[in-house]
Amino acid sequence: MSETALDVADMGLAEQGRLKIEWADRQMPVLAGIRERFAAERPLEGWRISACLHVTSETANLMRTLADGGANVVLCSSNPLSTQDDVAASLVAHHGIPVYAIKGEDRDSYYAHIGAALDHRPQVTMDDGADLVTALHTSRTDLLDGVVGGTEETTTGVIRMRAMAFDGKLRFPVVAVNEALTKHLFDNRYGTGQSAIDGILRATNVLFAGKNVVVGGYGWCGRGIASRAHGMGANVTVVEIDAVRALEAAMDGYRVMTAGEAAAIGDIFISATGNLNVWGRDHFPLMRDGAILANAGHFNDEFELPALEAQSVSNREVRPFTREYAMADGRRIYLLADGRLVNLGAAEGHPSIVMDMSFANQALGLEWLRAHAGELEPKVYGIPDEIDREVARLKLESMGIHIEPMTPAQLAYSRSWESGT
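Residues numbered from 1 in each chain as written. Predicted model: local features only at pLDDT ≥ 70, side-chain atom pairs only at ≥ 80, totals over all residues. Heavy atoms only, no water.

## Comments concerning the packing of helix α3 (residues 57-68) against helix α4 (residues 85-95)
Axes are the key here: two packed helices are described by the angle between their axes and the distance separating the axes.
Argument step 1. Axis separation between α3 and α4 bottoms out at 9 Å; the angle between their running directions is 25 degrees. Relative to α4, α3 is oriented roughly parallel. The two elements α3 and α4 meet at a crossing, and its hand is right-handed. Across the interface between the two elements, S57, A60, M63 and R64 of α3 pack against V87, L91 and H95 of α4.
Argument step 2. Looking at the contact of α3 with α4 residue by residue, the classes come out as 4 nonpolar, 2 polar and 1 charged. (Axes fitted to C-alpha atoms, helices over the stretch in contact; angles between N-to-C directions. Helix = DSSP H or I, 4+ residues; strand = E, 2+ residues; numbered from the N terminus. Parallel < 35°, antiparallel > 145°, perpendicular 65-115°, else oblique. Left-handed = near helix turned anticlockwise from the far one by under 90°. Contact = heavy atoms within 4.5 Å. Nonpolar A, V, L, I, M, F, W, Y, C, P; charged D, E, K, R; others polar.)

## Side note on the pairing of strand β8 (residues 235-239)
Argument step 1. A large share of β8 lies buried, amounting to 4 of its 5 residues.
Argument step 2. For strand β7 (residues 212-216) and β8, the ladder comprises 5 bridges, and the chain directions are parallel. Paired with N212 across the bridge in β8 is N235.
Argument step 3. After leaving β7, the chain enters helix α9 (residues 220-231) and then returns to the sheet as β8, a path that is right-handed. (Buried < 20%, exposed > 50% of the residue type's maximum accessible area, 1.4 Å probe, protein only. Pairing = 2+ DSSP bridges. Right-handed = clockwise from strand over helix to strand, strands pointing away.)

## As for the pattern of salt bridges
Once their charged atoms are close, side chains differing in charge can pair, the charge on each being opposite to the other.
Argument step 1. Per the stated rule, a full pass over the model turns up 26 salt bridges.
Argument step 2. Linking R160 and D131 is a salt bridge whose minimum nitrogen-to-oxygen distance equals 2.9 Å. Separated by 29 residues along the polypeptide, R160 in helix α7 (residues 155-166) and D131 in helix α6 (residues 131-138) bring together distant segments of the chain.
Argument step 3. For R160, a relative accessible area of 26% corresponds to the partly exposed category. (Salt bridge = Lys/Arg side-chain N within 4 Å of Asp/Glu carboxyl O.)

Just distances and angles here, no functional claims.
What follows is the structure, given as structure tokens:
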């Protein structure tokens with residue numbers, strides 16, 4: 001591999017990254033088993049894959065799996081703050097995988113790295129937020145004819161992909177890994193629930209017990225965050241626009257309010273909606289002195305940051321990934337990780353044991369795509385149910401858990417319409 005096939009912060013960190021990748025691998029037995037099979041069967045032989053994902057130790061093990069399966073892989077970051085520089089260096093040094101990612105890169109570097117990944121002329125894309133696919137459909141349309149399909153990891157990205165498909169703009173089939181039950185029920189709920197709070201704790205070292213924690217959105221990520229915050233002794237309030245989810249939050253024991261009502265009582269605001277300006281110019285003047293803003297969504301759009309800048313008289317970094325905004329009336333508002341996803345911006349992201357299932361779905365989803373690409377239309381497809389259930393079975397097996405099969409009589413009963421009272 002040429003020296004130009006990478007842009008990482010410091011190759012001297014490679015050994016540190018190798019140890020981190022090994023540690024994560026021990027927590028990812030399902031993916032390790034898939035990697036062993038892929039190495040023997042080579043189901044992705046010859047495929048050029050451009051991946052735009054968070055460059056973490058867990059992602060490194062996914063890249064190793066795809067490479068062992070025969071793929072020619074290039075990796076760039078899907079967020080300017082989510083790269084682990086030591087992992088990026090190790091992927092290059094120890095696994096020969098080109099990486100274009102530096103933690104804290106500016107906007108120009110971020111998009112230059114996406115461009116470098118697309119220079120690989122991918123046959124398949126792997127996205128986490130749809131930035132790679134968006135670039136393909138806007139600035140790099142000359143490459144579209146060579147792309148046979150892709151995968152998408154996040155709720156935000158799936159929303160963007162479906163919007164493209166609805167408008168008739170999506171040019172190739174995309175497998176929505178995020179829609180797998182073994183992804184969003186576990187990665188989004190347990191992974192985000194723990195890692196978002198981990199990021200807040202690392203950035204601030206605040207005590208959650210007794211705090212008023214306001215969660216924006218009660219999807220799977222919001223459910224997980226609310227549950228973990230409550231478990232740490234916080235008083236949890238949920239802001240939700242969907243009536244069914246708001247009702248669920250209320251019946252789960254949380255207060256449910258509008259964004260404006262919650263703005264006046266919150267100590268910590270955690271947004272997980274995947275949408276725009278959940279709290280903004282009308283809300284910042286209502287917030288208490290010392291309010292903390294943390295985003296668990298993919299893009300830094302969930303807080304109206306231009307309004308926060310305009311309403312403040314000065315700002316400064318008071319701790320790593322913690323910026324203090326001084327308001328004209330003397331209040332202080334604290335923004336974490338520049339409003340980007342706090343779990344990866346200020347911490348290490350999801351625990352490896354959760355990402356094991358998500359990345360198992362990625363690997364098996366690519367294998368399925370390879371087998372069926374010629375039959376698929378340019379739209380968004382869910383992970384097949386048999387893959388989802390196989391990932392769950394393998395995960396249970398790795399945990400030493402066995403479940404009860406139905407007896408022949410129970411199976412017959414479940415398929416019968418004749419039995420009744």
